[in-house]
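Here is what each chain is made of, one letter per residue.
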Amino acid sequence: DSMMLVTVDPVSKTAGMLSVPRDMWVKQAGSTRHGRINSNFEKKNPNVLIRTIKENFGISVNHYVNVDFCTFKEVVDAVGGVRVPFVYKARDKHTGFRVLRANVCFSFTGIHALAYVRSRHYRWYDPKTKSWKSDGTSDWGRISRQQDFTRRMIKKALSVSRTNPRVAASIMNAALKNVITDDQVT
């Protein structure tokens, strides 16, 4: 549902994320065909997608991690939810996402978090006009929400799992069941 390229600098202990819009039109690696980049995705064989990224953008991918929906939900639940601030009420009737109070820091559970990060029809309530407004940023807004949520989830997972072995075990169990990586990831 989304693709993120992550760079990690062990010297400065920093990481960066670059999201790739799933509907971006690219040339498929090793062919003359063009199509959406997500059409290059194969769950158990990332090689075509990795080569497509390299050939279209000049970005080398050293490792591959595939986190499915089940894992995402289980990790959010394992860390006790992830909090995100909202200035306005917000919703997406297509995914079932909804925050129906303004000026709150909403704590997402797994299933609701998935509805939020998958939202393509995000709407917010404008109290001045007393009407729901569509997010004009479309997929860019979705990417921004995904990156923000991912940062918050990682930060919480690292914080909570350091002091609570039960949480660390829950995160690891979710990962072991559903995460697919290349054979060089340790």
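Relevant structure appears above.
The structure reproduced in this document is the subject of the present report. Predicted, not measured: the structure shown is a model, and the values here were computed from it. (Residues numbered from 1 in each chain as written. Predicted model: local features only at pLDDT ≥ 70, side-chain atom pairs only at ≥ 80, totals over all residues. Heavy atoms only, no water.)

Points about the overall build of the protein
Moving on, step 1. If you tally the helices and strands in the protein, you get five helices and 12 strands.
Moving on, step 2. Projected onto the principal axes, the alpha-carbon positions of the protein cover approximately 55 × 45 × 30 Å.
Moving on, step 3. For the protein, buried positions account for 35% of its 186 residues.
Moving on, step 4. When contacts within the protein are restricted to residue pairs at least 6 apart in sequence, those whose partners lie at least 24 apart make up 53%.
Moving on, step 5. Here the protein has roughly 11,800 Å² of accessible surface; of this, 54% comes from carbon and sulfur atoms.
Moving on, step 6. In the protein, the 31 positive side-chain charges and the 15 negative ones have mean positions that sit 7 Å from each other. (Helix = DSSP H or I, 4+ residues; strand = E, 2+ residues; numbered from the N terminus. Buried < 20%, exposed > 50% of the residue type's maximum accessible area, 1.4 Å probe, protein only. Contact = heavy atoms within 4.5 Å. Areas by Shrake-Rupley, 256 points an atom, 1.4 Å probe, with all protein chains shown as cover. Lys, Arg positive; Asp, Glu negative; His and termini not counted. Charge placed at Lys NZ, Arg CZ, Asp CG, Glu CD.)

Structural notes on the packing of aromatic side chains
Moving on, step 1. For the structure shown, the criterion picks out 13 aromatic pairs.
Moving on, step 2. Between the aromatic rings of Phe72 and Phe149, the centroid separation amounts to 5.7 Å while the plane-to-plane angle is 40°, which identifies the pairing as tilted. Residue Phe72 is located in helix H2 (residues 69-78), and its partner Phe149 is located in helix H4 (residues 138-163); the two are separated by 77 residues in the primary sequence. Of the two residues, Phe72 and Phe149, neither departs from the other in class, the shared state being buried.
Moving on, step 3. Pairing Phe97 with Tyr122 gives two aromatic rings, centres 5.7 Å apart and planes at 15°, and the pair type is stacked. Of this pair, Phe97 sits in strand E8 (residues 97-99) while Tyr122 sits in the loop between helix H3 (110-117) and strand E10 (123-126), and the two are 25 residues apart along the sequence. Considered together, Phe97 and Tyr122 belong to a single accessibility category, that of buried residues.
Moving on, step 4. Within the aromatic cluster, the residues linked to one another by ring pairs are Phe72, Phe86, Phe97, Phe106, Phe108, Tyr116, Tyr122 and Phe149.
Moving on, step 5. The ring of Tyr125 carries Lys89 above its face, with NZ or CZ at 4.8 Å from the centroid.
Moving on, step 6. Just above the ring of Trp132 sits the side chain of Arg91; from NZ or CZ to the centre is 3.9 Å. (Phe/Tyr/Trp six-rings, centres within 6.5 Å; stacked < 30°, edge-to-face > 60°. Lys NZ or Arg CZ within 6 Å of the ring centre and 35° of its normal.)

A closer look at the nonpolar core
Moving on, step 1. In terms of nonpolar packing, the biggest core is built from 25 residues, with Phe72, Phe86, Phe97, Phe108, Tyr116 and Phe149 touching the most fellow members.
Moving on, step 2. Put simply, the parts of the chain that give this core at least two residues each are H2, strand E6 (82-86), E8, strand E9 (104-108), H3, H4 and helix H5 (165-178).
Moving on, step 3. For this core, the leading source of residues is H3, giving five residues.
Moving on, step 4. Once residues within four sequence positions are removed from consideration, Phe149 is found in contact with Phe72, Val76, Val82, Val84, Phe108, Ala113, Tyr116 and Val117. (Core = buried A, V, L, I, M, F, W, Y, C linked by side-chain atoms within 4.5 Å.)

Here we look at a nonpolar patch on the surface
Moving on, step 1. Side chains of Val65, Val67 and Val185 sit close together on the surface and give an oily, nonpolar patch of about 220 Å² of accessible area.
Moving on, step 2. Here Val67 lies in the loop between strand E5 (65-66) and H2. (Patch = residues over 30% accessible without salt bridge, like charges linked within 9 Å, V, L, I, M, F, W, Y side chains within 5 Å. Salt bridge = Lys/Arg side-chain N within 4 Å of Asp/Glu carboxyl O.)

Notes on H4
Moving on, step 1. Over its 26 residues, H4 runs 39 Å from end to end, which matches the ideal 38 Å to within 8%, given 1.5 Å per residue.
Moving on, step 2. Restricting attention to buried positions, one finds in H4 the residues Asp139, Gly141, Arg142, Ile143, Arg145, Gln146, Gln147, Phe149, Thr150, Met153 and Ala157. (Expected span 1.5 Å × (residues − 1).)

Things to note about empty space enclosed by the protein
Moving on, step 1. Tallying each qualifying case throughout the model produces one cavity of 30 Å³ or more.
Moving on, step 2. When its volume is computed, the largest cavity comes out at roughly 50 Å³.
Moving on, step 3. Residue lining of the largest cavity: 11 residues in total, with Val20, Pro21, Arg22, Arg142 and Ile143 positioned closest to the centre.
Moving on, step 4. Secondary-structure elements contributing two or more residues to the lining of the largest cavity are strand E2 (14-20) and H4.
Moving on, step 5. Among the elements that take part in the lining of the largest cavity, H4 stands out by supplying four residues, more than any other. (1 Å grid on protein atoms, 1.4 Å probe; cavity = no way out; pocket = protein on both sides within 12 Å on 5 of 7 lines; lining within 4 Å. Points joined across faces, edges and corners; volume = space filled by probe spheres on them.)

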